[in-house]
Amino acid sequence: MARPGVILPILQNWSCHNCGGCCREHQIVITAEEKNRIDKQKWTGADGVADDRPLIVAHGADFRLNHQADGACVFLDERGLCRIHSKFGEAAKPLACRAYPYAVHPSGNSVTVSLRFSCPSVVQNLGQPVAQQRQTLEALAGEIVPSNYRAPNTPPLYPGQPIIWSDVMRLLAFIERGLSVGAVSFATRLLRVLTWIDLLEKAAPEAISNEQLGNLLPVLHEASVRAQPDDHLPLVKPTGLGRIMFRQWVAQLLRHDTDVTARGGFMGRMHLLGDGLRFTLGRGRVPAMADPISVRVAFSGGSTTTSEAIAAMPTFSQLENEFGGRNAEFDELFVRYFRVKLQGLHFCGRAFYDMPFIDGFRSLALMYPATLWVARMRAARDGRMTISLPDVQAALATIDHNFGYSPALGMAGAKKRIQQLARMQQISALCSWYSR
Ligand code: SF4
């Protein structure tokens, strides 16, 4: 079969700026073939690599690159550069290293490319336009998608409701337009989309057939505009249960399991459990969690969990107050983030825990209040009651690391939480409440 076409995100720039974050935050799994290739490179202590540990260790049926004592990849040098890249060129690196921060997903007869906003260069939109990197990305997609590629099944619209690829594309285009076009704020546009998605879920199955969906969507959109005509958002506080479930979801997004935390043993696991419990109870101070290294390098702060850092953490109740500072740059960031995830199908189906389209979109929608909640936490721990663009960028870089990748978010309980929040009509309430 001919190679599928590659769909690239528009609006997004990226080039690596060597912060070294991904070389510390990720476990790089490699194949036996990649292991052989690295073995043949004959690394020794004279090259600067650690000689007190193996460079490659077993990882299930595969292998992974080992880490230095401080958690950095064994091949990361003191300048934040990859030794394999420096000595043998980019092509000599494992595929996982060359692919990050790109994420390649088969969709119908195409392959879509998304990006991980955990890379600070992605979140800040730095570097070369992705659209100009077509040649590199087509080669990368060719390595990731097998030559015997077969188009995957579409994710269902919701459990038990099939949908064809052309309607998935129709829906994506309609959501993208709804989120990016209009004189109202991003929060209002998001609430409108969530409103018509609710209506779509309730529509009769025959109304969702190929001929009908194109007619139905504008009608639903009009209804959502009537329900939310301007930027005066309904300020109904989310329910206590809604906020508990939301904080549990945020806690899972904030949790960072790196090589260093894996070595924390029983006490480390107890510590994580305690933090999770505090997020559920929502009383007292928010637990101090060290920021990912890439976030520390790009945005500073939050490097330790010392007693000073713990004392500086805000209380959960402080984060329920109104925070000022929102501006048009926040909206630009959220539009770009949502469009990249939508165009790259990075929120449903095989790329996102096999979630149906609507549940996956609701998960994506929750990234808006979750990012603003974490941005508030960052501002408050610095003694501010207004959030800035770097707060929002750092918050998104922190939590997108786990979005679609943390096994905890793909567990049945986490998936049910999204459905329950939707049934309780809490997703729109959370988006509205934390946009203040
Ligand atoms: S996190 Fe991004 S900028 Fe930093 S080293 Fe990795 S790819 Fe480069």
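Cut-offs and rules
Residues numbered from 1 in each chain as written. Predicted model: local features only at pLDDT ≥ 70, side-chain atom pairs only at ≥ 80, totals over all residues. Heavy atoms only, no water. Pairing = 2+ DSSP bridges. Helix = DSSP H or I, 4+ residues; strand = E, 2+ residues; numbered from the N terminus. Expected span 1.5 Å × (residues − 1). Buried < 20%, exposed > 50% of the residue type's maximum accessible area, 1.4 Å probe, protein only. Axes fitted to C-alpha atoms, helices over the stretch in contact; angles between N-to-C directions. Parallel < 35°, antiparallel > 145°, perpendicular 65-115°, else oblique. Contact = heavy atoms within 4.5 Å. Nonpolar A, V, L, I, M, F, W, Y, C, P; charged D, E, K, R; others polar. Core = buried A, V, L, I, M, F, W, Y, C linked by side-chain atoms within 4.5 Å. Polar contact = N/O pair within 3.5 Å; in protein donor to acceptor, adjacent residues only side chain to side chain. Near = heavy atom within 4 Å.

**Student:** I tried to follow the pairing of strand 3 (residues 56-59) on my own but got confused; where do I start?
**Tutor:** One face of the sheet, then the other: side chains in a regular strand alternate in exactly this way. Relative to strand 4 (residues 62-65), strand 3 runs antiparallel, the two being bridged by four bridges. Residue Ala 58 lies in a different strand from strand 4, and its bridge partner there is Phe 63. Where strand 3 folds back onto strand 4 in an antiparallel hairpin, the turn is made up of two residues, including Gly 60, whose phi is positive at roughly 60°.

**Student:** Please explain helix 7 (residues 165-180) as it appears in this structure.
**Tutor:** Since there are 3.6 residues in each turn of an α-helix, residues three or four apart along the chain are aligned in direction. Between its first and last C-alpha, helix 7 extends 22 Å over 16 residues, near the 22 Å set by a 1.5 Å rise per residue. Among the residues of helix 7, those classed as buried are Trp 165, Asp 167, Val 168, Leu 171, Leu 172, Ile 175, Glu 176, Gly 178 and Leu 179. Looking one or two residues past helix 7, Gly 182 carries a phi angle of roughly 135°, positive in sign.

**Student:** Any chance you could explain the pairing of strand 4 here in plain terms?
**Tutor:** In this sheet, strand 4 lies alongside strand 2 (residues 29-30) in antiparallel orientation, the contact comprising two bridges. The partner of Ile 30 across the bridge, within strand 4, is Phe 63.

**Student:** Where do I start with the packing of helix 18 (residues 412-423) against helix 19 (residues 426-433) in this structure?
**Tutor:** Packed helix pairs are characterised by how far apart their axes lie and by the angle those axes make with each other. Two elements in contact, helix 18 and helix 19, have axes separated by 6 Å at closest approach and are oriented at 85°. One element, helix 18, and the other, helix 19, form an angle in the roughly perpendicular class. Across from Ile 418, Leu 421 and Ala 422 in helix 18, the residues of helix 19 making contact are Gln 426, Ile 427 and Leu 430. Looking at the contact of helix 18 with helix 19 residue by residue, the classes come out as five nonpolar, one polar and no charged.

**Student:** Help me understand the nonpolar core, please; the structure alone is not making it clear to me.
**Tutor:** Note on soluble globular proteins: their nonpolar side chains tend to be buried together. In this structure, Leu 190, Phe 338, Phe 357, Phe 361 and Trp 373 are the most contacted members of the largest nonpolar core, which totals 109 residues. With 16 residues, the top contributor of residues to this core is helix 16 (residues 357-381). Leaving out residues up to four positions away in the same chain, Phe 361 has contacts with Ile 175, Leu 179, Leu 190, Val 193, Leu 194, Ile 197, Phe 338, Leu 342 and Phe 347. Judged by nonpolar contacts, the second largest core, of 15 residues, contains Ile 30, Ile 38, Leu 55 and Ala 72.

**Student:** What's the story with the environment of Arg 189 in this structure? I'm lost.
**Tutor:** Structurally, the position occupied by Arg 189 is in helix 8 (residues 186-202). For Arg 189, a relative accessible area of 8% corresponds to the buried category. Sequence spacing of Arg 189 and Leu 179 is ten residues, and the spatial spacing of their C-alpha atoms is 5.3 Å. Aside from chain neighbours lying at most four places away, what touches Arg 189 is Gly 178, Leu 179, Ser 180, Val 181, Gly 182, Val 184 and Val 335. From its side chain, Arg 189 meets the backbone oxygen of Leu 179 in a polar contact 2.7 Å long.

**Student:** Looking at this structure, I do not really get the side chain of Asn 125. What am I missing?
**Tutor:** Its location among the elements puts Asn 125 in the loop between helix 5 (120-123) and helix 6 (134-144). Leave out the neighbours within four places in its chain, and Asn 125 touches Leu 11, Gln 12, Asn 13, Glu 332 and Arg 336.

**Student:** Help me understand the site of the ligand, please; the structure alone is not making it clear to me.
**Tutor:** All residues adjacent to the ligand are Trp 14, Cys 16, His 17, Asn 18, Cys 19, Gly 20, Cys 22, Tyr 100, Cys 119, Pro 120 and Ser 121. Tallied by class, residues from the shell around the ligand come to seven nonpolar, four polar and no charged.

**Student:** It is not clear to me how the sheet that holds strand 5 (residues 102-107) should be interpreted in this structure. Could you clarify?
**Tutor:** Sheets are built from strands paired through backbone hydrogen bonds, the pairs being either parallel or antiparallel. A sheet is described by the order of its strands in space; here three strands give the open sequence 1-6-5, paired in mixed fashion. Since the sheet does not close on itself, it has two edges, and those belong to strand 1 (5-7) and strand 5, each with one partner. Across this sheet, the average inter-strand angle for adjacent strands is 30°, counted without regard to direction. By the bridge criterion, three bridges tie strand 1 to strand 6 (residues 110-115) in an arrangement that is parallel. Bridge assignment links Ile 7 to a residue of strand 6, and that residue is Thr 112.

**Student:** I would appreciate a short explanation of the environment of Asn 18 in the present structure.
**Tutor:** Here Asn 18 is to be found in the loop between strand 1 and helix 1 (22-25). Sequence separation between Asn 18 and Met 377 is 359 residues, and the spatial gap between their C-alpha atoms is 27 Å. Non-local contacts of Asn 18, meaning those with residues more than four positions away in its chain, are made with Gly 80 and Leu 81.

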